[in-house]
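Observations on the three-dimensional arrangement
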Amino acid sequence: MQIGFETIREILEHRLHQKDIEKLLHGLDESGKAELFYRITEMLRRTSALADIANRVYDSLSLDVLFPRLMEVVTEALRADRSSLFLYDAETRELFSRVVQGDAIGEIRFPCHLGIAGSVFTSGQAEIIADAYADPRFNQEVDRRTGYHTRNILCVPIRNKNHQVIGITQALNKHAGDFDAEDQRLLEGLSLQASAALENARLFEKVERQQREEVMLLEVSVSIVAEIHLDPLLVKIMAAATSLLDAARGTLFLFDASSNELFSRVAGGIGGEEIRLPADSGIAGECFTSGQAINIADAYSDPRFNADFDRQTGYHTHSVLCMPIVAKGGRKIGVMQILNRREGAFGGADEQRLRAFSAQAAIAIENAQLFEDVSAERNYNEAILHSMNNAVLTLDANGILRKVNEAARRILRRSDEELVGHRLDEIFPGRNSWVAKSLAKVQASGNTDITVDTDLLIAGTETISVNLATVQLSGLGNEPFGYMLMMEDITREKRLRNTMSRYMSKPVVDRLLESGDAELGGTGRDVSVLFSDIRGFTSISERLGAKETVALLNEYFTDMVDIVFAHNGVLDKYIGDKLMAVFGSVLQSAQDAGNAVTVGNKMMTALHQLNRRRAARGGEAIRIGVGISTGNVVAGNIGSLKHMEYTVVGDRVNLAERLESANKFYGTSILICDATYTAIKDHAATREVDLIRVRGRETPVAIHEALDHFSADSFPNRAEVLAAFSEGLLHYRQRNWAAAEKSFGVALAANPMDGPSRIYIERCEVYRDTPPPPDWDGVWSMPDK
């Protein structure tokens with residue numbers, strides 16, 4: 001005889017009379033009575049479970065507390081291994097559960113249609129799964145990750161008082177046998193009992209969160225409005241935004257209209273590095289361009305997402321919420337991009353929160369940008385005043401001095417306290433009263449007054465020369481509001497600059513004055529010295545006469561000095577028809593030797609052009625020679641107290657002059673020493689000419705010819721000549737006179753105008769008949785300088 005739970009319920013609810021109960025018991029054997037006792041006990045246990053769940057949840061308004069309590073009751077009531085409870089999040093269309101993870105409460109989320117739980121939630125129908133692994137909806141990967149084995153499942157929907165499904169409850173692995181219909185009814189009863197508490201807790205959590213957000217918004221608004229510096233403000237805004245949306249990190253992009261780019265100085269995970277991207281690029285660019293929020297649940301499935309940033313930083317972006325920052329009048333000024341909401345994807349409420357927050361942030365950002373622009377303009381003006389070498393003094397409409405720059409304090413030898421707040425006649429009395437008179441003229445006429453090269457007595461003893469300009473300051477409406485005096489000290493530096501500009505280019509003059517070398521004395525420097533000389537100038541001047549000779553020299557030197565100045569050279573001096581230039585005496589660089597050789601080559605090219613002009617006028621052509629030497633010299637202003645000349649002295653100067661003269665002997669145009677050759681050999685065409693000993697110098701020096709000024713016409717068959725000449729020079733130094741003469745003959749045949757080849761043929765003829773002594777070192781001693 002089987003006794004169902006309904007009969008047992010009637011017994012427990014006293015709906016059966018005593019005689020009926022006795023009749024029921026009389027018809028049972030011992031096993032039937034034991035079954036009846038078990039079922040009564042089970043019914044009492046389940047009734048107790050329903051009461052227990054009511055007791056455990058009635059005083060709790062926290063989901064973090066409710067979830068573990070309810071799962072504990074379900075597990076005990078159904079005699080299962082474990083249980084779980086999921087509620088529906090309408091914002092994200094997900095099912096979520098709170099679970100204990102170590103010492104904290106974590107959250108699990110998944111789309112509301114996935115798996116057995118999603119199926120029960122969607123259908124609203126309870127299901128008993130006798131074999132979980134046989135059900136295709138069951139995700140076996142979870143068991144593999146955890147090492148657990150799920151056998152059977154009971155899953156029921158949780159309904160509220162309006163019979164709406166708000167979640168699901170499921171129990172796993174009943175201890176004895178499979179879950180049955182009674183278990184389902186019990187779980188449904190437990191779920192119904194808990195539904196009210198769950199909804200209340202969710203409502204309480206929602207209200208509590210809204211209150212926190214309102215308080216946070218208020219605090220953040222106060223905080224960001226009080227911050228006027230842009231970078232700290234942006235940091236505060238992003239910290240508040242990520243906290244407000246419970247997100248991992250975020251980036252704030254501002255719009256740069258000048259480059260049509262979005263840039264960020266505040267981005268989570270990249271330190272202080274600035275990010276820049278086109279204003280229409282990527283997710284941020286589309287958000288800015290469209291002016292619409294963009295909410296992406298899976299960043300990697302969106303083609304607009306640039307995964308390179310993740311690869312560079314090692315970060316993994318899951319979800320993205322991007323919101324335009326719109327200022328007054330609908331003007332878009334930037335974009336806020338928030339990443340990885342900690343509890344699932346971003347929802348509609350998150351969009352509303354970020355939209356409200358970005359509106360507050362836009363006001364603060366505009367104010368900070370305005371302050372930054374004003375500060376930058378002020379700093380820019382201050383920097384201009386500070387960097388000016390001229391004194392600037394500004395006065396108010398009453399003629400009271402209000403501001404001076406650093407140059408004014410330096411030139412006038414006075415402090416701010418001695419200047420600011422005083423009238424000009426107090427600052428510039430007696431011999432300096434002309435300054436106050438200049439101001440009076442401007443006050444009377446409104447026109448600028450300029451005073452040039454006038455003495456100003458400083459500190460009662462020192463006199464300086466200044467140029468003064470006094471101007472009226474006017475507002476946008478052309479109304480005067482003050483005056484400005486600009487005073488230029490033209491005493492030593494300006495006069496010295498004017499003098500030096502005749503000998504060197506402006507960059508070299510500037511460097512010389514900055515270095516402070518414009519004094520008597522000197523310093524050792526590595527320089528390149530260039531000497532040039534007009535061939536047969538004495539005869540030419542006799543033929544031309546004084547007037548034409550001066551005209552020739554002026555035209556010649558004008559062309560040549562321009563070339564020297566163009567390559568940072570210093571015009572050291574003119575010596576009759578000779579020109580001496582130095583490279584590196586003031587403005588030193590690794591290109592000094594190269595500049596000297598370049599100037600020598602360009603002088604030859606300029607000489608050809610000069611000769612063509614002279615020929616067109618019926619004048620005769622002139623020839624020049626150039627010698628260049630590189631090495632250490634003494635450089636400085638040398639002379640008397642009344643007359644100084646910036647020059648260089650030393651052995652290298654003499655060597656350059658002797659190399660220039662040696663051109664006449666070898667039939668060359670430009671000769672350079674071995675030190676110059678070493679500096680320019682990789683980027684200039686040259687050939688070694690000889691090893692010589694010059695007067696006044698015991699150590700032999702290898703000399704080379706610079707060839708870049710030659711054309712195919714002026715130096716025909718150059719490659720053939722240089723190869724044969726090099727071969728001849730090798731034979732010559734090996735004392736193989738016949739082979740050397742033959743090689744030099746090949747070179748001379750290829751270019752009959754080649755002077756060095758002709759010289760060596762003559763030497764070979766002499767040495768063939770009268771060889772040099774055995775200790776001959778190949779050095780040729782020049783007969784004169």
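What you see is a predicted model, and the numbers here were worked out from it, not measured in a lab.

What counts, and at which threshold
- Residues numbered from 1 in each chain as written.
- Predicted model: local features only at pLDDT ≥ 70, side-chain atom pairs only at ≥ 80, totals over all residues.
- Heavy atoms only, no water.
- pLDDT = per-residue confidence, 0-100.
- Helix = DSSP H or I, 4+ residues; strand = E, 2+ residues; numbered from the N terminus.
- Contact = heavy atoms within 4.5 Å.
- 1 Å grid on protein atoms, 1.4 Å probe; cavity = no way out; pocket = protein on both sides within 12 Å on 5 of 7 lines; lining within 4 Å.
- Points joined across faces, edges and corners; volume = space filled by probe spheres on them.
- Nonpolar A, V, L, I, M, F, W, Y, C, P; charged D, E, K, R; others polar.
- Buried < 20%, exposed > 50% of the residue type's maximum accessible area, 1.4 Å probe, protein only.
- Pairing = 2+ DSSP bridges.
- Axes fitted to C-alpha atoms, helices over the stretch in contact; angles between N-to-C directions.
- Parallel < 35°, antiparallel > 145°, perpendicular 65-115°, else oblique.
- Left-handed = near helix turned anticlockwise from the far one by under 90°.
- Phe/Tyr/Trp six-rings, centres within 6.5 Å; stacked < 30°, edge-to-face > 60°.
- Lys NZ or Arg CZ within 6 Å of the ring centre and 35° of its normal.
- Polar contact = N/O pair within 3.5 Å; in protein donor to acceptor, adjacent residues only side chain to side chain.

Considering the confidence of the model for the protein chain
When pLDDT is low, close inspection of the predicted coordinates is not appropriate. In the predicted model, the protein chain carries a mean pLDDT of 83, and the fraction of residues at 70 or more is 84%. Averaged over each element, pLDDT in the protein chain is lowest for helix H1 (residues 5–12) (50) and highest for strand S23 (residues 670–673) (96). Taken as a whole, residues 11–16 scores under 50 in pLDDT and shows 12 contacts with residues more than four places along the chain or in a different chain.

Thoughts on the layout of surface pockets
Put simply, the second largest pocket is a space of about 760 Å³. Forming the boundary of the second largest pocket are 26 residues, of which Ser84, Phe86, Phe110, Val142 and Gln170 lie nearest the centre. Breaking the lining of the second largest pocket down by element, the ones donating at least two residues are strand S1 (80–89), strand S2 (94–101), strand S3 (104–111), helix H5 (115–123), helix H6 (140–146) and strand S6 (165–174). Broken down by class, the residue content of the lining of the second largest pocket amounts to 13 nonpolar, 8 polar and 5 charged.

Digging into the pairing of strand S13 (residues 391–396)
Of all 6 residues in S13, 5 are buried; the element is thus mostly enclosed. Pairing of S13 with strand S17 (residues 480–489) involves 6 bridges; the strand directions are antiparallel. For threonine 394, the partnering residue across the bridge sits in S17 and is methionine 484. In this sheet, strand S14 (residues 401–404) lies alongside S13 in antiparallel orientation, the contact comprising 3 bridges. Within S14, the position partnered with threonine 394 by the bridge is lysine 403. What sits between S13 and S14 in their antiparallel hairpin is a turn of 4 residues, with glycine 399 showing a positive phi close to 85°.

Regarding the sheet that holds strand S16 (residues 462–474)
In spatial order, the strands read S14-S13-S17-S16-S15; together these 5 strands make up an open sheet with antiparallel pairing. At either end of the open sheet lies a strand with only one pairing partner, and these are S14 and strand S15 (449–458). Each strand of the sheet is rotated relative to its neighbour by a mean of 30°, with strand direction disregarded. Bridge analysis of S16 against S17 gives 9 bridges, and the strand direction is antiparallel. Following the sheet pairing, threonine 470 is matched in S17 by leucine 485. Along the sheet, helix H15 (residues 434–445) contacts S13, S15, S16 and S17; its crossing angle with S16, the most-contacted strand, is approximately 15°.

Considering the packing of helix H24 (residues 737–750) against helix H25 (residues 755–769)
One can describe the packing of H24 onto H25 by two numbers: an axis separation of 9 Å at closest approach and a directional angle of 160°. It follows that H24 is roughly antiparallel to H25 by the angle criterion. Two packed elements cross with a definite hand, and for H24 against H25 that hand is left-handed. Of the residues in H25, those touching H24 at Trp737, Ala740, Glu741, Phe744, Gly745, Ala747 and Leu748 are Ser757, Arg758, Tyr760, Ile761, Cys764, Glu765, Tyr767 and Arg768. Residue composition of the contact of H24 with H25, grouped by class: 9 nonpolar, 2 polar and 4 charged.

A short note on the packing of helix H23 (residues 718–733) against H25
Packing of H23 against H25 brings their axes to within 11 Å, and their N-to-C directions diverge by 25°. With respect to H25, the element H23 is oriented roughly parallel. In this structure, the crossing between H23 and H25 has a hand that is left-handed. Across the interface between the two elements, Phe725, Leu729 and Tyr732 of H23 pack against Pro756, Ser757, Tyr760, Arg763, Cys764 and Tyr767 of H25. Here the contact of H23 with H25 is composed, by residue class, of 7 nonpolar, 1 polar and 1 charged.

Considering the packing of aromatic side chains
Applying the stated criterion across every chain, the model contains 20 aromatic pairs. A ring pair is formed by tyrosine 732 and tryptophan 776, whose centres lie 5.3 Å apart and whose planes are at 85°; its orientation type is edge-to-face. Taken together, the residues tyrosine 732 in helix H23 and tryptophan 776 in the loop between H25 and strand S26 (780–781) connect sequence positions 44 residues apart. Members of the aromatic cluster, each reached through a chain of ring pairs, are Phe725, Tyr732, Trp737, Phe744, Tyr760, Tyr767 and Trp776. The residue whose ring lies beneath lysine 332 is phenylalanine 288, and the NZ or CZ to ring-centre distance is 5.4 Å.

Remarks on the side chain of asparagine 663
For asparagine 663, the position within the fold is in helix H21 (residues 651–666). Given the relative accessible area of 2%, asparagine 663 is considered buried. Only 2.6 Å separates the side chain of asparagine 663 from the side chain of threonine 668, close enough to count as a polar contact. Once residues lying within four places of it in the same chain are set aside, the contact partners of asparagine 663 are Arg535, Gly625, Val626, Gly627, Thr668, Ser669, Ile670 and Leu671.

Section: the pairing of strand S25 (residues 701–706)
Across the 6 residues that make up S25, a large majority, 6, are buried. A two-sided burial pattern is seen for S25, the buried positions comprising Val701, Ile703 and Glu705 on one face and Ala702, His704 and Ala706 on the other. By the bridge criterion, 3 bridges tie S23 to S25 in an arrangement that is antiparallel. Considered in S25, the bridge of cysteine 673 is made with isoleucine 703. The sheet contact formed by strand S24 (residues 686–693) and S25 spans 6 bridges and is antiparallel. Counted as the bridge partner of leucine 691 is alanine 702 from S25.

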